[in-house]
Amino acid sequence: LRELSLDIQSLIKTGASRNFPKEKLLLSLRLQLQKYAGVENANLKNNISDFIIASCEQYCSIHLSVEEVSALWID
C-alpha cells in the first residue's frame, strides 16, 4: 500500500508540474493502477480512491468524482 500511495502521489505531482489536463491525469492513474490489479480488498480500494481524490485536489486543483475514480479500477 505504501508503494502504491507513493507511486500515485508522484504521478499526481508530475501531472501538476506539467499541467496535465484532467483526462491525461485519469489515463495515467488508470495505467498506474493496472500494475496493482491484484488489489481486491474493497476497503483498500476505497482508501486508495479517497487518496487519489484528495491528492488531485491538493496538487492539481482537479476535482474528481467518486465515479471517475471508481472507473480507474475497471479493466
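In this text, all values refer to a predicted model and were calculated from it rather than measured experimentally. (Residues numbered from 1 in each chain as written. Predicted model: local features only at pLDDT ≥ 70, side-chain atom pairs only at ≥ 80, totals over all residues. Heavy atoms only, no water.)

Considerations on the environment of Gly 38
Phase 1 of the analysis: Take Gly 38: it is sitting in the loop between helix H2 (22–34) and helix H3 (42–60).
Phase 2 of the analysis: As a C-alpha pair, Gly 38 and Val 66 span 28 residues in sequence and 21 Å in three-dimensional space. (Helix = DSSP H or I, 4+ residues; strand = E, 2+ residues; numbered from the N terminus.)

Looking at the packing of helix H1 (residues 2–17) against H2
Phase 1 of the analysis: Close contact between H1 and H2 brings their axes to 10 Å; oriented N to C, the two are set at 160°. Classified by the angle between their axes, H1 and H2 sit roughly antiparallel to one another. Crossing geometry of H1 relative to H2 is assigned as right-handed. Two secondary-structure elements touch here, H1 through Leu 4, Asp 7, Ile 8, Leu 11 and Ile 12 and H2 through Leu 25, Ser 28, Leu 29, Gln 32 and Leu 33. (Axes fitted to C-alpha atoms, helices over the stretch in contact; angles between N-to-C directions. Parallel < 35°, antiparallel > 145°, perpendicular 65-115°, else oblique. Left-handed = near helix turned anticlockwise from the far one by under 90°. Contact = heavy atoms within 4.5 Å.)

Quick look at the packing of H1 against H3
Phase 1 of the analysis: Where H1 meets H3, the closest approach of the two axes is 9 Å, and the angle between their N-to-C directions is 25°. Regarding the angle of H1 to H3, the classification is roughly parallel. The interaxial crossing formed by H1 with H3 has right-handed handedness. Contacts between H1 and H3 involve Leu 4, Ser 5, Ile 8, Gln 9, Ile 12, Lys 13, Gly 15 and Ala 16 from the former and Ile 48, Phe 51, Ile 52, Ser 55, Cys 56, Tyr 59 and Cys 60 from the latter.
Phase 2 of the analysis: Counted by class, the contact of H1 with H3 contains 10 nonpolar, 4 polar and 1 charged residues. (Nonpolar A, V, L, I, M, F, W, Y, C, P; charged D, E, K, R; others polar.)

Digging into the nonpolar core
Phase 1 of the analysis: Ranked by internal contacts, the top residues of the largest apolar core, which has 21 residues, are Ile 8, Leu 25, Leu 29, Leu 33, Ile 52, Cys 56 and Leu 64.
Phase 2 of the analysis: If you list the elements that add at least two residues to this core, you get H1, H2 and H3.
Phase 3 of the analysis: When sequence neighbours within four positions are dropped, the list of residues in contact with Cys 56 reads Ile 12, Leu 25, Leu 29, Ser 61, Ile 62 and Leu 64. (Core = buried A, V, L, I, M, F, W, Y, C linked by side-chain atoms within 4.5 Å. Buried < 20%, exposed > 50% of the residue type's maximum accessible area, 1.4 Å probe, protein only.)

Describing H3
Phase 1 of the analysis: Here H3 contains 19 residues, and its C-alpha end-to-end distance of 26 Å stays within 8% of the 27 Å for a straight helix at 1.5 Å per residue.
Phase 2 of the analysis: For H3, the full list of buried residues reads Ile 48, Ser 49, Ile 52, Ile 53, Ser 55, Cys 56 and Cys 60.
Phase 3 of the analysis: Contact partners of the buried residues in H3: H1, H2 and helix H4 (66–71).
Phase 4 of the analysis: For H3, the N-terminal cap is Asn 41; the gap from its side-chain oxygen to the backbone nitrogen of Asn 43 is 2.8 Å.
Phase 5 of the analysis: Ser 61 occupies a position one or two residues after H3 and carries a positive phi of about 55°. (Expected span 1.5 Å × (residues − 1). Polar contact = N/O pair within 3.5 Å; in protein donor to acceptor, adjacent residues only side chain to side chain.)

Keep in mind these numbers describe shape, not what the thing actually does.
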